[in-house]
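For reference, the chains in residue letters:
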Amino acid sequence: MKKLNEQGNALLTVLLVSIVFTTIGLAIVASSISGAKRVETRESDITVTFESKKVLEEITSEIAARLNTLNLDMVKRTDGTYRVNASFEGNLQNRVLVPSLDHILENTNYDDSIKCLSIQDLSNTNDILPIQPTSAQNQCEAATLENTSSYSINRDDDYTRVLEIVLVTNNPNENEGDVTRTLKKKIILSPLPSFLKYAAGSASEDDKGGLFLNGSSNINGNAFANYLTISDDAKYQDRQGGARTIHSLPPSVNGDFYSTGAHILPLLKESNFYQEDVPDLKHDSQFINIEFDKTLRDRINTILGNNNLTATVSTTEDIKYLPSVLKQEISSKVTTNVTESEIAKTETQQVPQSVLGDSLEELEGGFTIDSKTGPIQFNNTVQVNGDVVINSSNYPITFNKDLIVNGDLYVVSNKDISLQAVKTAGNLHLINFDGNVTVAQDMVAAGKIVIESSADKTVNTANGVKLNGDIFSGTTLSIRPLNTEMDLNSNIISLGSFTVKGDETGESEQENDIVRFNSVVYSNADSFISNVNIIGLPYTNNLGNATEGQLILLSKDRLTITRMNEFNNYADMNEPSYPYLPIEEMNIKPLQAFFYTERDAELYGVGSLFYIKGGIFARGSLEINAIRANRSFKAIENVPGSTEGYMSRFIVDYDQDVLLQGIDALPIVDRLQIIPDDFVIQ
């Protein structure tokens, strides 16, 4: 009996052990199957995501190919403004977007993987347009199309569109896991020239030209170059003007490199870039240059036409003779003799001085308007046949109607001066020693225009210069803010050089020569900017929204920008993490500007400190020299070497908002191009 009990216990033990091992074995098998399933699902996840991105790229290419069929001619309204042509909206949808979606869905390879495909036009917050493919079964539902952002583009006035492509895909093979992906990619359709797409670049086709990155500049945004040179040595000039170099770290480009060829590919290697972070190379076949001369002629005709001037230009030769033609036309508009009692004929004319104390051109006779004994106000259009000096010596002077001068015009403010439209057959000097000078409408001069101000804003915050109309100069145009501020809410054309120049006085803490721009400037010669802060002018756009402008400078000839924040440094000595941009501070303000030249440009971030919120582009060569040394030093002889962890002294932070602001004075190209924007995978 005892033996039978022992045999029973052994049997139970064997059965128990068998059950335990079987359970463990099954668990291991289950775990293996589950792991394999997870691996398989993850592989499917990666595959579906990759294939979905390819579909999005294919849609983008389809849209790009069809955009060439659209007519971008502007249509003039009866009030003189321009609007998009009436057929554009329908053609965009019916000839470009819907056919692009349909063509993708016609590919039978996508039958089982695409659940839905649609496009949303997010251009205007108040009118978001869903664009669906013809096939109802492939249209995305409203819940899928929900978005988090839209824009304020006036579709009637602007060809720019912001589109969001929505694509939902799943894994066609259910045995490999249930994987569904929703992809949303924003693209901007822009009629603006390609240079506005990049933080920095050169369109030079010359293998000896292109983009030169000497030393350690920091470019936050995409760059463009057909030819690229990268050097460890940054160039600068000593006090005697001698050329020097200093060894530096490599540049950082926190975006992609675009090119129409593959010449720059060998240079895209780790040793050539800061922190060994190499940008990707992408090819953009849509690079579109501007036709500078044609655009300039269009803008000249627009401004002159808006000022009831019949002089027009259709060739480059016409521009050459335009100052003399314009002089004759403005002279002919002075049809009445001066009758206003406040205007005195002066045989011995006073000789105005500039705000620097320089004597200007001596006048032989002419007329004087001087508010020595009381304020002066003109309620009718004032026409003067001769040179004029307007001096608010003791009291304000106000023009409530236009001022037309057949000669040179000097507007000298010691109090306030307010003007409406101004036309002069000669030169125009606007000299503000004190008070506020405002010009509400356009200023047109057949000769040069000089705008100077030294009005002290620390004494009176209202002091300064405010120009709200367009400005046309038949020769050169010079702007000189000296320890003061100017506001230019206007577009500018200079048939000669364009200069914005401050000085180095009164700047113990920060640059105090400031020009606020909301302007597009066309300079038909060289452009020079020095010792000045250029910041954006707040304004209200045509949709009633408060926004901030910038300077967009297009120069026919060489562009020189020098002595910006010279020997200055950021308050925080350490470089922030990627993308290595400074935090906002009072000491150094970014130049809110896009700079473009048809020729070459050289910029030196060694003694100077450049911080551009916008972009810089040359049709010829663009050379950028920079060190990474955010340190205090007071002379070019003491320029420090570059050190990792210090900010670059040449920073460009691309501002994409320029594409969405509908700036009508910018060059318009003959076809839309695509700019990629946000990309989200859910």
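Residues numbered from 1 in each chain as written. Predicted model: local features only at pLDDT ≥ 70, side-chain atom pairs only at ≥ 80, totals over all residues. Heavy atoms only, no water.

Thoughts on helix α2 (residues 88–105)
In step 1: Here α2 spans 25 Å end to end across 18 residues, near enough to the 26 Å set by a 1.5 Å rise per residue.
In step 2: Where α2 bends most, at P99, the angle is about 35 degrees. (Helix = DSSP H or I, 4+ residues; strand = E, 2+ residues; numbered from the N terminus. Expected span 1.5 Å × (residues − 1). Bend = angle between axes of the 7 residues up to and from the residue.)

Observations regarding the environment of K333
In step 1: Mapped onto the elements, K333 comes out in helix α5 (residues 316–333).
In step 2: Note on K333: relative accessible area 26%, which makes it partly exposed.
In step 3: With 66 residues separating them along the chain, K333 and F399 place their C-alpha atoms 18 Å apart.
In step 4: Once you skip the residues sitting within four places of it in the chain, K333 turns out to touch N308, L309, Q383 and I404. (Buried < 20%, exposed > 50% of the residue type's maximum accessible area, 1.4 Å probe, protein only. Contact = heavy atoms within 4.5 Å.)

Considerations on a nonpolar patch on the surface
In step 1: A grouping of L11, L12 and L15 is seen on the molecular surface, where their side chains present a nonpolar patch of about 300 Å² in accessible area.
In step 2: As for its position among the elements, L15 is in helix α1 (residues 2–66).
In step 3: Relative accessible area serves as the criterion here: at 44%, L15 is assigned to the partly exposed category. (Patch = residues over 30% accessible without salt bridge, like charges linked within 9 Å, V, L, I, M, F, W, Y side chains within 5 Å. Areas by Shrake-Rupley, 256 points an atom, 1.4 Å probe, with all protein chains shown as cover. Salt bridge = Lys/Arg side-chain N within 4 Å of Asp/Glu carboxyl O.)

Topic: the packing of aromatic side chains
In step 1: Summed over the entire model, instances satisfying the criterion amount to 15 aromatic pairs.
In step 2: Ring geometry for F594 and Y654: centres 6.0 Å apart, planes at 90 degrees, overall edge-to-face. You can see F594 sitting in strand β45 (residues 593–597) and its partner Y654 sitting in strand β49 (residues 650–654), a full 60 residues away along the chain. Y654 carries the same exposure label as F594, and that label is buried.
In step 3: Each ring, one from F610 and one from F650, has its centre 5.0 Å from the other, and the planes form 35 degrees; the classification is tilted. (Phe/Tyr/Trp six-rings, centres within 6.5 Å; stacked < 30°, edge-to-face > 60°.)

Comments concerning the state of the cysteines
In step 1: Per the stated rule, a full pass over the model turns up 1 disulfide.
In step 2: There is a disulfide in this structure between C116 and C140, and the S-S distance comes to 2.2 Å. Disulfide C116-C140: the torsion about the S-S bond is 90 degrees, which places it as right-handed. With C116 in strand β3 (residues 114–121) and C140 in the loop between β4 (129–131) and α3 (142–145), the pair connects residues that are 24 residues apart, well separated along the chain. By the burial criterion, C116 is buried, and C140 matches it. (Disulfide = S-S within 2.5 Å.)

What about the pattern of salt bridges?
Opposite charge on two side chains permits them to pair, given that their charged atoms come into close proximity.
In step 1: This model, assessed by the stated rule, comprises 18 salt bridges.
In step 2: The partner of E485 in a salt bridge is R516, and the shortest N-O contact between them spans 2.8 Å. In this pair, E485 is assigned in strand β34 (residues 485–488) and R516 in strand β37 (residues 514–517), connecting sequence segments 31 residues apart.
In step 3: Classification of E485 as partly exposed rests on a relative accessible area of 21%.

What about the sheet that holds strand β6 (residues 180–190)?
In step 1: If you trace the 5 strands from one edge of the open sheet to the other, you get β4-β3-β5-β6-β50, paired in antiparallel fashion. Each edge of the sheet is formed by a strand with only one pairing partner; in this case those strands are β4 and β50 (673–681). Pairwise comparison of adjacent strand axes, ignoring direction, gives a mean angle of 25 degrees for this sheet.
In step 2: Across 10 bridges, the pairing between strand β5 (residues 161–170) and β6 is antiparallel. Counted as the bridge partner of I165 is K185 from β6.
In step 3: Lying on the sheet, α2 is in contact with β3, β4, β5 and β6; it crosses β3 at an angle near 165 degrees. (Pairing = 2+ DSSP bridges. Axes fitted to C-alpha atoms, helices over the stretch in contact; angles between N-to-C directions.)

Here we look at the environment of I153
In step 1: Its location among the elements puts I153 in the loop between α3 and β5.
In step 2: Put simply, I153 and L660 are 507 residues apart on the chain and 6.9 Å apart in space, counted from C-alpha to C-alpha.

Quick word on the sheet that holds β37
In step 1: Ordered in space as β19-β22-β25-β28-β31-β34-β37-β40, the 8 strands form an open sheet in which the pairing is parallel. The open sheet is flanked by β19 (376–378) and β40 (533–536), the only strands paired with a single partner. Averaged over all pairs of adjacent strands, the angle between their axes in this sheet comes to 10 degrees, without regard to strand direction.
In step 2: Pairing geometry for strand β31 (residues 464–467) and β34, over 3 bridges, is parallel. Following the sheet pairing, K466 is matched in β34 by D487.

Some details on unusual backbone geometry
In step 1: Look at the link from Y578 to P579: it is a cis peptide, with omega at 10 degrees.
In step 2: Structurally, the position occupied by P579 is in the loop between β44 (559–562) and β45.
In step 3: Positive phi is not limited to glycine here, since R563 has a value of about 55 degrees.
In step 4: In this fold, R563 is placed in the loop between β44 and β45.

With respect to the environment of I219
In step 1: By secondary structure assignment, the location of I219 is in strand β9 (residues 218–220).
In step 2: Once the C-alpha coordinates of I219 and A199 are considered, the two residues, 20 residues apart in sequence, prove to be 6.6 Å apart.

Regarding the pairing of strand β13 (residues 243–247)
In step 1: Judged from the 5 bridges that link them, strand β12 (residues 233–237) and β13 form a sheet pairing that is antiparallel. From the neighbouring strand, A234 faces β13, where its bridge partner is I246.
In step 2: Linking two consecutive strands that pair antiparallel, namely β12 and β13, is a turn of 5 residues; a positive phi of about 85 degrees is found at G241 within it.

Quick look at helix α4 (residues 292–306)
In step 1: The terminal C-alpha atoms of α4, which comprises 15 residues, lie 21 Å apart, in line with the 21 Å expected from a rise of 1.5 Å per residue.
In step 2: Those residues of α4 that fall on the buried side of the exposure criterion are F292, T295, L296, R297, R299, I300, I303 and L304.
In step 3: Considering only its buried residues, α4 is in contact with α5, β29 (443–445), β32 (471–473), β35 (492–494), β38 (519–523) and β43 (551–555).
In step 4: Residue N308 follows α4 closely and has a positive phi angle near 55 degrees.

Quick look at the side chain of Q592
In step 1: Tracing the backbone shows Q592 in the loop between β44 and β45.
In step 2: According to the relative accessible area criterion, Q592 is buried, its value standing at 16%.
In step 3: Side-chain polar atoms of Q592 contact the side chain of E548, separated by 3.2 Å.
In step 4: Beyond its immediate chain neighbours, meaning those up to four positions away, Q592 contacts I534, I535, G536, E548, Q550, L551 and K613. (Polar contact = N/O pair within 3.5 Å; in protein donor to acceptor, adjacent residues only side chain to side chain.)

Overview of the pairing of strand β21 (residues 388–392)
In step 1: Within β21, 5 of the 5 residues are buried, leaving the element largely enclosed by the surrounding structure.
In step 2: Burial of β21 is two-sided: the residues V388, I390 and S392 facing one way and the residues V389 and N391 facing the other way are all buried.
In step 3: Bridge count for strand β18 (residues 367–370) against β21 is 4 bridges, and the pairing is parallel. Note on β21: the bridge partner recorded for I369 is I390.

It is worth stressing that arrangement in space is one thing and function is another; only the former is reported here.
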